[in-house]
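Here is what each chain is made of, one letter per residue.
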Amino acid sequence: MGSITVARRLAGTVLRECGYQGRHEDVLLVVSELVTNALVHGDGPPALRVRAGASRVRIEVGDTGVALPETREPGPLSGWGLHVVRLLSTGWGISPGESGKVVWCELAARLAPVQPSPSEA
């Protein structure tokens, strides 16, 4: 089983256990993109961390490389990875890791506004 499949399964488990109310498909796509980027452009095996609650999820993918990801014009030749991450997340960035770097992003559930009950209206 590939690293990306394992990463997606782990993230899906975390989302279910934490009761994340956002689109799980968006989170799994972002996990796939970040892990793929780490495998293709990073050094060493990627390390995934997913922290979630009902309304928010943070994804971190670290590797031992020092080269920073570069945003490119998205397309079939350069890929869609970070463009997809930017579109789906509320924020993303790059932080130094213990031995390399960590690319992180956060997604927020779009919760429906609470409707007043008929007796309150």
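These notes cover the structure that comes with them. (Residues numbered from 1 in each chain as written. Predicted model: local features only at pLDDT ≥ 70, side-chain atom pairs only at ≥ 80, totals over all residues. Heavy atoms only, no water.)

**With respect to the overall build of the protein chain**
Point 1. For the protein chain, the count of helices and strands is three helices and four strands.
Point 2. Counting from the amino terminus, helix and strand elements in the protein chain follow one another as α-α-β-β-α-β-β.
Point 3. Buried positions account for 33% of the 121 residues belonging to the protein chain.
Point 4. Of the contacts made within the protein chain by residues no fewer than 6 positions apart, 58% connect residues no fewer than 24 positions apart. (Helix = DSSP H or I, 4+ residues; strand = E, 2+ residues; numbered from the N terminus. Buried < 20%, exposed > 50% of the residue type's maximum accessible area, 1.4 Å probe, protein only. Contact = heavy atoms within 4.5 Å.)

**Concerning the sheet that holds strand S3 (residues 91-97)**
Point 1. Strand order in this open sheet of four strands is S1-S2-S4-S3, and the pairing throughout is antiparallel. At either margin of the open sheet sits one strand with a lone partner, and together these are strand S1 (47-52) and S3. In this sheet, neighbouring strand axes are inclined to one another by 20° on average, regardless of whether the strands run parallel or antiparallel.
Point 2. Here S1 runs beside strand S2 (residues 56-63); their pairing, made up of six bridges, is antiparallel. Across the sheet, Val 50 pairs through a bridge with Ile 59, a residue of S2. (Pairing = 2+ DSSP bridges. Axes fitted to C-alpha atoms, helices over the stretch in contact; angles between N-to-C directions.)

**A closer look at the nonpolar core**
Point 1. Ranked by size, the top nonpolar core spans 22 residues in total, and within it Val 27, Leu 34, Val 57, Ile 59 and Leu 107 carry the most contacts.
Point 2. Counting residues per element, the ones that place at least two in this core are helix H1 (3-18), helix H2 (24-41), S2, helix H3 (81-88) and strand S4 (100-108).
Point 3. The greatest single-element share of this core, amounting to seven residues, is contributed by H2.
Point 4. Every residue in contact with Val 27, bar those within four places of it in the chain, is listed here: Leu 15, Tyr 20, Val 57, Ile 59 and Leu 107. (Core = buried A, V, L, I, M, F, W, Y, C linked by side-chain atoms within 4.5 Å.)

**Points about the side chain of Glu 60**
Point 1. Within the secondary structure layout, Glu 60 lies in strand S2.
Point 2. Here Glu 60 falls in the buried class, since its relative accessible area comes to 13%.
Point 3. A polar contact is formed between the side chain of Glu 60 and the side chain of Arg 51, at a distance of 2.8 Å.
Point 4. The contact partners of Glu 60, leaving out residues within four places of it in the chain, are Ala 47, Leu 48, Arg 49, Arg 51, Val 102, Val 103 and Trp 104. (Polar contact = N/O pair within 3.5 Å; in protein donor to acceptor, adjacent residues only side chain to side chain.)

**A short note on the side chain of Asp 63**
Point 1. Looking at where Asp 63 falls in the secondary structure, it is placed in strand S2.
Point 2. The class for Asp 63 is buried, based on a relative accessible area of 7%.
Point 3. Within polar-contact distance, the side chain of Asp 63 engages the backbone nitrogen of Asp 43 at 3.4 Å.
Point 4. Polar contacts involving the side chain of Asp 63 include one to the side chain of Lys 101, which spans 2.9 Å.

**Quick word on the environment of Val 57**
Point 1. On the secondary structure map, Val 57 appears in strand S2.
Point 2. Its relative accessible area of 1% is what places Val 57 among the buried residues.
Point 3. Sequence-wise, Val 57 and Ala 11 are 46 residues apart; in three dimensions their C-alpha atoms are separated by 9.9 Å.
Point 4. In contact with Val 57, not counting residues within four places along its chain, are Leu 15, Tyr 20, Val 27, Val 50, Arg 51, Ala 52, Cys 105, Glu 106 and Leu 107.

Interpretation note: all reported values are geometric properties and have no functional meaning in isolation.
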